[in-house]
Every structure is written in structure tokens, then in C-alpha cells.
Amino acid sequence: MIERADELMIAYQKGDDEALGSIYTLLKPALYSFIYRYTRDQQLSIDIVQDSFVKLQRYKHHYQPGKGKVKSYLFQIAYRLLIDKLNRRKKWQSFMPFLAPITKEEFHHTDRLTIREAISNLPDKQRAVILLFYYHDMKHEEIAEILNIPKGTVKSRLHTAIQSLKVELEGDFNESRSL
Amino acid sequence: MNHDPFKKEHHLRTKLDEYHVEIPDFPMQSRGKRWERFINFLASPAKDPIEPLISTTAGFAVLKLAPIIGMAVISILQLFFFL
């Protein structure tokens, strides 16, 4: 699928505008699920996916096939847009705290910690690493490029995230052992 | 080659696999995007700014007294300026 996306991107760079639609169909689910798992905000995830594709069109010639996959390039664009947007939101919320939207956790509260909540509770930097590694089968090098951090940092954040998740889901782990 | 840190984490893998995301149907670009986002912003639920005041009796009293005190201050200021 990824090779296909790369081929389509090359075709798009050469002027085949229809190829963009196929890239969108191929990569939209992965990109949306990454952003959604990171933010748990549907509207924000849709906005970021759409903005990423607008940026991909604008900077289509910046993509160099020899340097990496188009999936990584698109995820890099999306991650930067997402961080900018979240930082801007934080600034607004520090000026006007009552503008803070009600999070879903306030609507649904269960005593048992689900994997969704455990991932949401992870620090932002660890969350991005574990999502890209586990759900998107990305290598350390690709994650390092997307997040703009050294490869060693990816490894250490991944290790810490796994340990944190195990601690968060401790009840479940003990239950499964006793069964 | 990357070492797989999840190799021995069977239970964690099972839990992570439970996390499915439903992909909504939306176009690559939406028309009137800025306007649409503004409407979404206005329509999104937000926290009640006076909720901390209502939840305590002291806060509730402050909320009731604040307009009276405010009006008194404005009246005194007007007396100073116009008399």
C-alpha cells in the first residue's frame, strides 16, 4: 500500500491531479486514526487531515521520493500542524479558561481504565511515539523524522511509554495473570 | 534492524488491539472552511465560567453581592466626578 502511495505521489508531482484523490483514499484512514488517538477530538482530527492535504498540494514538489515514504512526509506535516494548533489552543485557554471545551471524559466515566484512557493519560511525547510505532508500523528512523527528535530519544520514549501503560493498566494485568 | 519492544508484551498488545477508530466520511477539502470552523467553535460545549461560584454558599453570596457592590462603587465614583 505504501509503495503504491509513493508511486501515486510521484505521478501527482508529474502533473497527474487524479493521483491526489487516490493518495487521499489510501492514507486518510491512517492519518485520521493517528490524530484521533492522539487528541480524541473528532472535529480537530478532521480539520488536521484536511489541512495536511492542503499543505501536501501546496508543497508537493518539496517531497523527495529518495528521502522517505510519502506516508511519513504526510504524517510529519500533520504532526506539525497538530502541535501548532494545540499550542494555540493552550494559549487561548490560559487567557480565557472558561473557553476550555468539555472533554469526553466528563461525559463518560467508568471506574475501570480503558486502553483509550491509558493512552490519553500518557505524556504527549510518549503518546506520539507509541501510536506511530504500534498502530502505524513505523521504524524508529521514520518516527524520529516525523517528530523531529533523535533516534535514541524515540527508543527511550517508547520504552517509557510501554512501562507507563503497563502501570496504568495494572489492574487488568493482575486480573489476566490470575485467570 | 529495530528490536520489537512489544515481543514479550502479549497482554499489552491485546489491549492495544482493542482500540479501534471509526473513520468518518469527510471530503479532502471542505468549502467555506473558516466559517464552518467558527460555527463549530460557537456550537461546542464549554465550561460554565461561574460554576465554581455557584457550587459553594460563600461563592453564591459573592455572586449576589457583586452587582450591588459594583453599583455602589460606580455611584461613589460618579459623586466624585460630577459633584
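For the structure itself, look to the data block above.
Summary of the structure given here. (Residues numbered from 1 in each chain as written. Chains lettered and ligands numbered in written order. Predicted model: local features only at pLDDT ≥ 70, side-chain atom pairs only at ≥ 80, totals over all residues. Heavy atoms only, no water.)

Some thoughts on the overall build of chain B
In step 1: Along its length, chain B carries four helices and zero strands.
In step 2: Shown N-terminal to C-terminal, the secondary structure of chain B runs as helices and strands in the order α-α-α-α.
In step 3: Of all 83 residues assigned to chain B, the portion counted as buried reaches 16%.
In step 4: When the accessible surface of chain B is totalled, it reaches about 7,100 Å², and 67% of it is carbon and sulfur. (Helix = DSSP H or I, 4+ residues; strand = E, 2+ residues; numbered from the N terminus. Buried < 20%, exposed > 50% of the residue type's maximum accessible area, 1.4 Å probe, protein only. Areas by Shrake-Rupley, 256 points an atom, 1.4 Å probe, with all protein chains shown as cover.)

Re the packing of aromatic side chains
In step 1: For the structure shown, the criterion picks out twelve aromatic pairs over all chains.
In step 2: Where Y134(A) meets F6(B), the ring centres are 4.8 Å apart and the plane angle is 55°; that geometry is what we call tilted. Of this pair, Y134(A) sits in helix α7 (residues 124–135) while F6(B) sits in the segment before α1 (10–17), on two different chains.
In step 3: For Y134(A), a relative accessible area of 15% translates into the label buried.
In step 4: For the pair Y135(A) and Y19(B), a centre-to-centre distance of 6.3 Å together with 85° between the ring planes defines the contact as edge-to-face. Residue Y135(A) is located in helix α7, and its partner Y19(B) is located in the loop between α1 and α2 (33–43); the two belong to separate chains. Here the two residues Y135(A) and Y19(B) agree in accessibility, since each one is buried.
In step 5: Grouping aromatic residues by their ring pairs yields a cluster made of Y24(A), Y32(A), Y36(A), F53(A) and F26(B). (Phe/Tyr/Trp six-rings, centres within 6.5 Å; stacked < 30°, edge-to-face > 60°.)

Section: α1(B)
Side chains that are three or four residues apart share a direction in an α-helix, a result of its 3.6 residues per turn.
In step 1: Residues of α1(B) that are buried: L12(B), K15(B) and L16(B). When α1(B) is viewed along its axis, its buried side chains cluster within an angular range of 100° and face the same direction. (Arc of directions from axis to C-beta.)

Quick word on a nonpolar patch on the surface
Residue and element names in this part refer to chain B.
In step 1: Taken together, the side chains of L65, I68, I69, V73, I76, L77, F80, F81 and F82 make up a nonpolar region of the molecular surface, amounting to roughly 1,000 Å² of accessible area.
In step 2: Residue position: F80 is located in helix α4 (residues 57–82).
In step 3: A residue is classified by how much of its surface remains accessible, and F80, at 67% relative accessible area, is exposed. (Patch = residues over 30% accessible without salt bridge, like charges linked within 9 Å, V, L, I, M, F, W, Y side chains within 5 Å. Salt bridge = Lys/Arg side-chain N within 4 Å of Asp/Glu carboxyl O.)

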